[in-house]
Amino acid sequence: AVVSTQSTGKFERLRTVELTEATRELLKKPTFDIWQWEDAEMLYLMQQMFVDLKLVERFYIELPMLQAFLFQVHLSYNYTPYHNFRHCFCVTQMMYGLIWLCNLQDKLDDLEILILLVAAICHDLDHPGYNNAYQVNARTELAMRYNDISPLENHHASVAFEIIACPNSNIVRHLNPDQHKKFRSGMIKCILATDMARHNEIVTAFKAIETFDIENADHRLLMMMIFLKVADISNEARPMDVSEPWVECLLQEFFMQSDAEKLEGLPVAPFMDRDTVTKPSAQVGFIQYVLIPLYESLARLFPEIREPILAPVNRAFEYYSDMGRKQKELDTPTELKEEEKLERKISNNESESSTSQVSTGSKE
């Protein structure tokens, strides 16, 4: 409550501050350092995204309404190790950068740009720090409410529309009925696409499009889902000093869940178990089999992401692969020493046994 009050006060003081042109340009880059900003400052930077994309102007969003919306979003993110408000800002900033990098304003309509930005902001609202597998296995209230079907993502979308339904934070109140229907449908579909259980299904469907037609509404929606997925798991597209701390945060949240699962007698995923997982083991497979194929699928359509987005991911793969090799090399000598000790003991025992038999034979 104290942190929220402090953030409120600072956000209010920042509302009339003019961002420098240099900061506004940096905000559009995937190299943007998301660790140096306080919560109130991140709220203000999000407000600036709406302004610079001209969403405030095009959808008649009053700034006090936008500020109230953003602050309610801030209040609805929990203080979990990973799925917190800073992660929300990180994903939103990457989405904002992708919009500029890929010049999406010329490919999507204004409402679709609004959907992408708001979906990024709301995609993990009220995340409890325990994933869908835990929700289902523990038979939580969320799993019961959503019949085990993407319980977290359904909840995130639901909380988003609860905030938007409030009169003082309804940033889409000037949309006409058809626009509102499209906004709600697009928000829900994009947020539900972030469920990793649906990852292969969505990426496979996107890759199956032989000739992408920007005029095809289904093609555009699938592309929007891919953009949000890329933004959601984009840490490795950032400089290593920005991305690596997120790995520690994620492992901390994984271990928190797996410890609870062990105590409750629930299944534990190997990649979340503190007794088996290491930083390189957590990263190498994820980058190789999830990130790179996802990013490559988008790079087919938008080759401009290859150098600023895909190249850092490939470097991250090499970095964690090398870390894994070095860890293995450090572990191997110890293992060999133990094997050598065991072999020596066996050899000594066999030698002593042979000597004993020779000695016994001579006495006879």
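## What about helix α10 (residues 151-165)?
- Taking 1.5 Å of rise per residue, the 15 residues of α10 would be expected to cover 21 Å, and the 21 Å separating its terminal C-alpha atoms lies within 8% of that figure.
- Most of α10 is tucked away: eleven of the 15 residues are buried.
- Buried residues of α10: Pro 151, Leu 152, Glu 153, His 155, His 156, Ala 157, Val 159, Ala 160, Phe 161, Ile 163 and Ile 164, and no others.
- For α10, the elements touching its buried residues are α5 (63-76), α7 (110-122), α8 (132-137), α9 (141-145) and α11 (177-192).

## Side note on the nonpolar core
- Residues Phe 50, Phe 69 and Phe 183 are the most contacted members of the largest nonpolar core, which totals 108 residues.
- A total of eleven residues in this core trace back to one element, the largest contributor, which is α7.
- Sequence-distant contacts of Phe 50, that is, excluding residues within four places in its chain, are made with Leu 55, Val 56, Ile 61, Leu 66, Leu 70, Leu 114, Leu 117, Val 118, Ile 121 and Ile 171.

## Some points on the side chain of Glu 236
- Residue placement: Glu 236 occurs in the loop between α13 (217-232) and α14 (240-264).
- For Glu 236, which is buried and forms no salt bridge, the nearest opposite charge comes from Arg 238, at a distance of 8.9 Å.
- Dropping the residues within four chain positions of it, Glu 236 is found in contact with Ser 243, Val 247, Gln 283, Ile 287, Leu 291, Pro 312, Val 313 and Ala 316.

Cut-offs applied
- Residues numbered from 1 in each chain as written.
- Predicted model: local features only at pLDDT ≥ 70, side-chain atom pairs only at ≥ 80, totals over all residues.
- Heavy atoms only, no water.
- Helix = DSSP H or I, 4+ residues; strand = E, 2+ residues; numbered from the N terminus.
- Expected span 1.5 Å × (residues − 1).
- Buried < 20%, exposed > 50% of the residue type's maximum accessible area, 1.4 Å probe, protein only.
- Contact = heavy atoms within 4.5 Å.
- Core = buried A, V, L, I, M, F, W, Y, C linked by side-chain atoms within 4.5 Å.
- Lys, Arg positive; Asp, Glu negative; His and termini not counted.
- Salt bridge = Lys/Arg side-chain N within 4 Å of Asp/Glu carboxyl O.

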